[in-house]
Amino acid sequence: MKGKFVTHEQVFTWMERERGLVVITERAQKKYHHLLPSHLITVKTAKELFFSPWEAVYRYTLQGKTWVIEEKVEHSSFPSFLVLLPCEAKAILEVTDVNFMTEDTPDLGYARRRRGVTLIIVGCERIEQTCFCSLVGCSPFWRHRESVFLFPWKGHFYLEDGEEKLSLSPFEDPQKAQAVETFFAETICTLPLPLPANFPEKLYAHFDDPLWQKMAWHCVNCGACTYLCPTCYCFDLSVDGKLRGLTLHTWDSCMFPKFTLHASSHNPRPTGKERVRQRVMHKFSYFPLRNKYYGCVGCGVCREICPVNWDIKEVVEGMVRQVER
Amino acid sequence: MNGEVGIRIKEKNIYVPTMVPILEVIQETRDIKTFRVQRPSSFFYHPGQFAEIFVPGKGEAPFSITSSPQEERFLEFSIKRIGVVTDALHRLNPGDSVGVRGPYGNGFPVSSLLHSSLLFIGGGIGLAPLRSLINYVLSPQERINFREIILLYGARTPQDLVFQWELKRWAEHRDLTLWVTVDQGDSSWSGIVGLVPEVLKKVVEVEPIGWKSIVCGPPIMIKFTIKALLEMGFQVKDIITTLEMRMKCGVGKCGRCNIGPYYVCKDGPVFSYQELQEMPEEY
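Conventions we followed
Residues numbered from 1 in each chain as written. Chains lettered and ligands numbered in written order. Predicted model: local features only at pLDDT ≥ 70, side-chain atom pairs only at ≥ 80, totals over all residues. Heavy atoms only, no water. Helix = DSSP H or I, 4+ residues; strand = E, 2+ residues; numbered from the N terminus. Rg over C-alpha atoms; globule rule 2.2 N^0.38 Å. Contact = heavy atoms within 4.5 Å. Areas by Shrake-Rupley, 256 points an atom, 1.4 Å probe, with all protein chains shown as cover. Lys, Arg positive; Asp, Glu negative; His and termini not counted. Charge placed at Lys NZ, Arg CZ, Asp CG, Glu CD. Pairing = 2+ DSSP bridges. Buried area = accessible area lost by both parts, 1.4 Å probe. Salt bridge = Lys/Arg side-chain N within 4 Å of Asp/Glu carboxyl O. Polar contact = N/O pair within 3.5 Å; in protein donor to acceptor, adjacent residues only side chain to side chain. Nonpolar A, V, L, I, M, F, W, Y, C, P; charged D, E, K, R; others polar. 1 Å grid on protein atoms, 1.4 Å probe; cavity = no way out; pocket = protein on both sides within 12 Å on 5 of 7 lines; lining within 4 Å. Points joined across faces, edges and corners; volume = space filled by probe spheres on them. Buried < 20%, exposed > 50% of the residue type's maximum accessible area, 1.4 Å probe, protein only. Domains from an automatic or database assignment. Core = buried A, V, L, I, M, F, W, Y, C linked by side-chain atoms within 4.5 Å. Expected span 1.5 Å × (residues − 1). Arc of directions from axis to C-beta.

## A look at the overall build of chain B
(1) Moving on: Secondary structure summary: chain B contains 8 helices and 15 strands in total.
(2) Moving on: Against the globule reference of 19 Å for 283 residues, chain B gives a C-alpha radius of gyration of 19 Å, in line with a compact fold.
(3) Moving on: With the principal axes as the frame, chain B shows a C-alpha extent of 70 × 40 × 35 Å.
(4) Moving on: Within chain B, contacts between residues at least 6 apart in sequence are counted, and of these 70% link residues at least 24 apart.
(5) Moving on: Working note: accessible area of chain B is about 12,200 Å², and carbon and sulfur atoms make up 51% of it.
(6) Moving on: Both charge centroids of chain B, one from 31 positive and one from 31 negative side chains, sit 4 Å from each other.

Set out below in structure tokens:
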């Protein structure tokens, strides 16, 4: 049995003490404001801590007749712990890390910030109406060997911290830990079943399905979902300044027409249909075909914030019916 | 605190270009110029790969490298004036500098072309990526590894033919058969007139066994040329082409140049027609 227990006070006091080093996501804060310190620094999405919405990569300056390039290196202090929900952690560990931390060509800005940060995953006691994590291989109790896991259990926190990254001196209670494990296993059995086996391959075969037109028609391509999505990692490199300026690494969105527009004015994804199909296919087919995990963690944030109630879960379930037909 | 990590770990930032001087600018056509720039040290590439060129204050864009990798001192890029970055590039002169980062992409599958006869088919500026491989296979060290070499090149009008100086050299080269055609001739033109796919069927007489064809040009030309090659009996795996896409990072991270699960910047830009057939038609 690897799990131990700590009191609410122990966790609360530890976070109070390490305050400047602990950052919490807004969603985790909202869920556990009664158990955790209320004045921790918050981030809207976990990804933005490492994958900055706006970051200067280098500065260029015209000095006399020559251009001088200076790489921008961050020297500011950076947090060491990020408190987040299981789906948000899965998005970091199995999607954005996979994209940015490749061995041959790591994205240095991301890698520098990400390396020193330990993820503290707080399991979900309650499942929101918009959640659908069990469909895509996540769960309210999703854990990862490199991260710390906490779960509120009868006045205590159940804690998994094999490498003792949090100096909390937990106590053991094998019987209670067994009860927690049983609760996890039993709850997972009651959740909706995962997407069918080989769904990425099957969906890929339906690239030309006329259903995409129907699925896409009411999406307004505003891109709000991609900005708040914990896994969306598309970015742009652009310049700001003429004789001296910065090359910027900024968030971008596959929902925007200019995202794929060629200089020749040809656009391989000219309408909303192609762009919506790209968004769904990338998460549910292309990304898993390349990297084995889904590019969606089922957090339901996009369903919550969409101004026109475009619903990715309904679309995916519609495609499941279509491919299984 | 890990703020000092950035100082301790001295790693290469993949998005930072190397500034190099422009050595020479050649006006190819009304709107195409070839830029010869100094080759950065430790810039090793294969024919068919591309690089990102940075114009300070304007931005960055990907261009295929048109010089052969055997040229040790310089890199060449042939660039059509079409957008913000290319417009700025066209205003530059020898002595000005540009940023280069790369090389990126897979390049032509040179090892699978060994001991084959090669049929190059180019249209317009599409000759630029082919030129790197043509000069590579024509080099004295490499020529022995390839059999017959044919180049069929076409442009809209005689004024739109790029690399006219190179075409003259190739025409005199005894190891290469050159056919040049234009869609529309004029009084100065005494050569072939006709669209590339039609000319291909008329003048190029090859038994496709042992041949590989490398095609690059505007999408419509590629489409009809491939059709003609298939009619001539070429196998889908023996037809190779190179694609264009809007790109930013060049390393498969920024997420815009994919066709299905393949990134054109990383898995491409060179694909066989067989591979293209298995991909969704979104390019």
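This is not the end of the story, as more comes after the structure.
## Remarks on the pairing of strand S4 (residues 59–64) of chain B
(1) Moving on: Two strands pair when backbone bridges link them, and strand S3 (residues 50–55) of chain B and S4(B) are joined in this way by 6 bridges, in the antiparallel orientation. Of the residues in S4(B), the one forming a bridge with Glu52(B) is Pro62(B).

## A look at the interface of chain A and chain B
(1) Moving on: On the side of chain B, 48 residues touch chain A, which itself brings 56 residues to the contact.
(2) Moving on: Among the residues of chain A in contact with chain B, Trp67(A), Leu237(A) and Arg290(A) are the three that bury the most area, contributing 14% of the side total.
(3) Moving on: Close ionic contact of Arg269(A) with Glu282(B) constitutes a salt bridge, the shortest N to O distance being 3.4 Å.
(4) Moving on: Our count for the contact surface shared by chain A and chain B stands at 20 residue pairs in polar contact (both at pLDDT 80 or more).
(5) Moving on: Counting only elements with at least two residues in the side of chain A that touches chain B, the list comes to strand S4 (54–63), strand S5 (66–71), helix H3 (86–100), helix H4 (108–115), strand S10 (235–240), strand S11 (244–251) and helix H9 (272–291) of chain A.
(6) Moving on: Here the side of chain A that touches chain B gets 7 residues from one element, more than from any other, and that element is H9(A).
(7) Moving on: Split by residue class, the side of chain A that touches chain B holds 25 nonpolar, 17 polar and 14 charged.

## A few points about the layout of surface pockets
Residue and element names in this part refer to chain B.
(1) Moving on: Put simply, the second largest pocket is a space of about 580 Å³.
(2) Moving on: Taken together, 26 residues make up the lining of the second largest pocket; nearest its centre are Lys-12, Arg-101, Gly-102, Pro-103 and Tyr-104.
(3) Moving on: Elements with a contribution of two residues or more to the lining of the second largest pocket: strand S1 (18–27) and strand S6 (97–104).
(4) Moving on: Considering each element in turn, the lining of the second largest pocket owes the most residues, 5 residues, to S6.
(5) Moving on: The residue makeup of the lining of the second largest pocket, split by class, is 12 nonpolar, 10 polar and 4 charged.

## Notes on the pattern of salt bridges
(1) Moving on: Evaluated as defined, the whole model comprises 33 salt bridges over all chains.
(2) Moving on: The shortest N-O distance in the salt bridge between Arg290(A) and Asp267(B) comes to 2.7 Å. With Arg290(A) in helix H9 and Asp267(B) in the loop between strand S14 (262–263) and strand S15 (270–272), this pair bridges two chains.
(3) Moving on: Overall, Arg290(A) belongs to the partly exposed group, its relative accessible area being 34%.
(4) Moving on: Looking at Asp267(B), the relative accessible area reads 24%, which means it is partly exposed.
(5) Moving on: As a salt-bridge pair, Glu24(B) and Arg36(B) come within 3.5 Å of each other at their nearest N and O atoms. On the criterion of sequence distance, the pair formed by Glu24(B) in strand S1 and Arg36(B) in strand S2 (residues 32–38) is long-range, its members being 12 residues apart.
(6) Moving on: Look at Glu24(B) and you get partly exposed, because its relative accessible area is 35%.
(7) Moving on: Each of Glu24(B), Arg36(B), Glu76(B), Arg131(B), Glu166(B) and Arg169(B) takes part in one network of salt bridges that share partners.

## Some thoughts on the domain arrangement of chain A
Residues and elements named next belong to chain A.
(1) Moving on: Here the domain parsing of chain A yields domain 1 (4–189) and domain 2 (199–323).
(2) Moving on: Computed over C-alpha atoms, the centres of domain 1 and domain 2 are 25 Å apart.
(3) Moving on: Of the residues lining the interface, 37 residues belong to domain 1; the matching set on domain 2 comes to 41 residues.
(4) Moving on: At the boundary of domain 1 with domain 2, total buried surface from both sides reaches about 3,400 Å², with 65% on carbon and sulfur atoms.
(5) Moving on: It is Lys-47, Tyr-60 and Phe-132 that lose the most area in domain 1 upon contact with domain 2, and together they represent 20% of the buried surface on that side.
(6) Moving on: Linking domain 1 with domain 2 are 0 salt bridges, by the criterion used here.
(7) Moving on: Taken together, the links from domain 1 to domain 2 amount to 20 residue pairs in polar contact (both at pLDDT 80 or more).
(8) Moving on: Of the residues assigned to the side of domain 1 that touches domain 2, the class counts are 20 nonpolar, 7 polar and 10 charged.

## Quick word on the pairing of strand S7 (residues 117–123) of chain B
All names here are of chain B.
(1) Moving on: For S7, the buried fraction is high: 7 of the 7 residues fall into the buried class.
(2) Moving on: Burial along S7 is two-sided: the face carrying Ser-117, Leu-119, Ile-121 and Gly-123 and the face carrying Leu-118, Phe-120 and Gly-122 are both buried.
(3) Moving on: Pairing analysis gives 6 bridges linking S7 to strand S11 (residues 211–216), with the strands arranged parallel. Residue Gly-122 lies in a different strand from S11, and its bridge partner there is Cys-216.
(4) Moving on: Here 6 bridges tie S7 to strand S8 (residues 149–155), and the two strands are oriented parallel to one another. Each bridged residue has a counterpart across the sheet, and for Leu-118 the counterpart in S8 is Ile-149.

## Notes on unusual backbone geometry
(1) Moving on: Of note, the amide linkage connecting Gly102(B) to Pro103(B) takes the cis form, showing an omega dihedral of 0°.
(2) Moving on: By the secondary structure assignment, Pro103(B) is in strand S6.
(3) Moving on: Of note, the amide linkage connecting Gly268(B) to Pro269(B) takes the cis form, showing an omega dihedral of 0°.
(4) Moving on: Counting through the fold element by element, Pro269(B) comes out in the loop between S14 and S15.
(5) Moving on: Unusually for a residue other than glycine, Lys292(A) sits at a positive phi of about 65°.
(6) Moving on: Despite not being glycine, Phe163(B) has its phi angle at roughly 55°, a positive value.
(7) Moving on: With respect to the helices and strands, Phe163(B) occurs in the loop between S8 and helix H5 (164–172).
(8) Moving on: Note on Phe163(B): relative accessible area 0%, which makes it buried.

## Concerning the nonpolar core
Nonpolar side chains tend toward joint burial in soluble globular proteins.
(1) Moving on: Core analysis: the largest hydrophobic core is formed by 108 residues, its most contacted members being Leu82(A), Leu119(A), Tyr158(A), Leu119(B), Ile121(B), Leu200(B) and Leu229(B).
(2) Moving on: Listed in part, the 34 residues of the second largest apolar core include Val136(A), Tyr204(A), Ala216(A) and Val315(A).

## Section: helix H5 (residues 174–190) of chain A
All names here are of chain A.
(1) Moving on: Relative to the 24 Å expected for 17 residues at 1.5 Å per residue, H5 spans 25 Å between its end C-alpha atoms, a close match to the ideal helical length.
(2) Moving on: Here H5 has its buried residues at Lys-176, Ala-177, Val-180, Phe-184 and Thr-187. For H5, the angular spread of buried residues about the axis comes to 105°, placing them on one side. Along H5, exposed side chains directed more than 90 degrees from the buried face belong to Pro-174, Gln-175, Glu-186, Cys-189 and Thr-190.
(3) Moving on: Elements in contact with the buried residues of H5: strand S1 (4–7), strand S8 (148–153) and strand S9 (156–160).

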